[in-house]
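The lines below spell out each chain.
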Amino acid sequence: MRLYEKTASELSEMLNNKECSAEELCKDVLDRINETENKVGAYVSVSHESALENAQKIDTARQRGEKLHPLAGIPIGIKDNISTKGIRTTCSSKMLENYVPPFNATVINKINNAGMTILGKMNMDEFAMGSSTETSYMHLTRNPHNTDCVPGGSSGGSAAAVSAGEAIVTLGSDTGGSIRQPAALCGVVGLKPTYGSVSRYGLIAFASSLDQIGPMGKSVRDVAMLQSVICGHDKYDATSKAIEYPDYASNLKENAKGLKIGIPKEYFGSGIDDEVKDSVMKAIKEFELNGAEIKEITLPSTEYAINTYYIIASAEASSNLARFDGVKYGYRAENYSGLTDMYEKTRSEGFGDEVKRRIMLGTFVLSSGYFDAYYKKAIRIQNRISSEFSSAFEECDIIATPTVPASAFKIGENINDPVKMYYNDVCTVTANIAGLPAISLPCGMDSKNMPMGLQLIGNKFAEQTLLNSAYTYEKICGGFDALSKAL
Ligand code: GLN
């Protein structure tokens, strides 16, 4: 068995027992990248040299007997909208094609402090807008389970890399499902943490009130370990919450007995593939057989969630992306006459179609004649969705739903039909709208031999309960087979 096939927690033990070195591990994953990257396309850039340098530094520290973090020397891939000092950070956009940040995101400082080995930057939908990684200006990323299919998005590179063994763990970002949806389509585990638990400082903003950075990996333990590294209060992010964050991985335990699981009927309606429904219901049955209590619940405003999300997210995006004007940093058009023409040409040439669509939609819903009719109404529904979740969590500990309506679709199938593409987020956007933590877990393969995802949603800052429930399901399944066998 090669090293890249193992989980971070297994590798952590091997490194600690000196059964392998961080350098051997780093080289094995870099070799794997060389072997499969032409088929998958998960990376925007690979940092061979600095990765090996870090691995050697960790090996020397270990030889000297220094006390190291359990994840020291574990190779990680970073979504390309998270700022890395001295490493190009593109958001997979022409606008930032040559942008090299002068500072690190807080999560990157934390990952460096833990001694993890950063392998490179992962491909994504442009500015994290999309569900298939097809809106990337860079190149396509393919699903390792079937390279004719999309890996999901927008963190498609992060999900595909884990499933292809091109990284042991990765970071993604999730505004409306961008960690969980690609995790589901690639058969890996992905956590969107509670809004405010992971600093957004240095995450290039899409929709600031919804964005969260989160971990992806082959197992619940790996995701729990990485979440403990990245979470915590940060004075550079005013929305980050100052509370005690538990050591999720050390506290992991099975909790099926007496666990109250809510099943909202709105997430199992028409539009959800029968095979997906069946596999999620089967997973719920397994919980029940192991002592969980299953409750039917109702979240009536779910039907408005997609509309609400696309109004709020686009409104915020239109404001956040105003900074890309050719003046401060990023792309500037070559030929122009005067300032206004420079702005116009820069933004017309620098942004792709989907980003332009969101900016126009966002500007429209915020404009004076339409603000009340769209934006204000969306905020009212956001409050309703949040309070429906709060009531639900009075009677249950977690909520179980499908992550995505169906398994991965073919490349090109939805790219010209934005509404169909947006529908992919129908089960995931509510957790962002309400600021809740949610995790996607592999729950079997469909008849096309493609992975399907089970989503568990938790109460605010109840990551431990959520991770314990996810861990329980993983134990019931006998572990996840996250690595693609198709490559
Ligand atoms: N697919 C959703 C969108 O296109 C979610 C994106 C995300 O979570 N970053 O907006």
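Everything discussed here concerns the structure shown above.
Here we summarise the structure given alongside this text.

## Some words on the packing of helix H1 (residues 8-16) against helix H7 (residues 220-230)
Stage number 1. Running from N to C, H1 and H7 point in directions that differ by 75 degrees, and their axes come no closer than 8 Å. By the angle between their directions, the pair H1 and H7 is classed as roughly perpendicular. Taking contact as the criterion, the partners of Ala8, Ser9 and Ser12 in H1 are, on H7, Arg221, Asp222 and Met225.
Stage number 2. Tallied by class, the residues present in the contact of H1 with H7 amount to two nonpolar, two polar and two charged.

## Thoughts on the site of the ligand
Stage number 1. Neighbouring residues of the ligand: 15 residues in total, closest Thr175, Gly176, Ser178, Tyr309 and Arg358.
Stage number 2. Backbone polar atom of Gly176 to an oxygen atom of the ligand: 2.6 Å apart, as the coordinates give it.
Stage number 3. Between the ligand and Gly177 there is a distance of 3.3 Å, counted from an oxygen atom to a backbone nitrogen or oxygen.
Stage number 4. Considering the ligand on its own, with 290 Å² of exposed area, one finds that the protein chains cover 100% of that surface.
Stage number 5. With respect to the pocket detection grid, the ligand is positioned in the largest cavity.
Stage number 6. Each residue belonging to the shell around the ligand can be placed in one class, and the counts come to five nonpolar, seven polar and three charged.

## A look at the side chain of Glu316
Stage number 1. Inspection of the secondary structure puts Glu316 in helix H9 (residues 305-320).
Stage number 2. Buried charge without a partner: Glu316 forms no salt bridge, and the closest opposite charge is Arg200, 7.3 Å away.
Stage number 3. Those residues within four positions of Glu316 in sequence are excluded, and the remaining contacts are Phe206, Ala207, Ser208, Ser209 and Leu210.

So, how was this worked out
Residues numbered from 1 in each chain as written. Predicted model: local features only at pLDDT ≥ 70, side-chain atom pairs only at ≥ 80, totals over all residues. Heavy atoms only, no water. Axes fitted to C-alpha atoms, helices over the stretch in contact; angles between N-to-C directions. Helix = DSSP H or I, 4+ residues; strand = E, 2+ residues; numbered from the N terminus. Parallel < 35°, antiparallel > 145°, perpendicular 65-115°, else oblique. Contact = heavy atoms within 4.5 Å. Nonpolar A, V, L, I, M, F, W, Y, C, P; charged D, E, K, R; others polar. Near = heavy atom within 4 Å. Polar contact = N/O pair within 3.5 Å; in protein donor to acceptor, adjacent residues only side chain to side chain. Areas by Shrake-Rupley, 256 points an atom, 1.4 Å probe, with all protein chains shown as cover. 1 Å grid on protein atoms, 1.4 Å probe; cavity = no way out; pocket = protein on both sides within 12 Å on 5 of 7 lines; lining within 4 Å. Sits in = over half its atoms within 2 Å of the grid points. Buried < 20%, exposed > 50% of the residue type's maximum accessible area, 1.4 Å probe, protein only. Lys, Arg positive; Asp, Glu negative; His and termini not counted. Salt bridge = Lys/Arg side-chain N within 4 Å of Asp/Glu carboxyl O.

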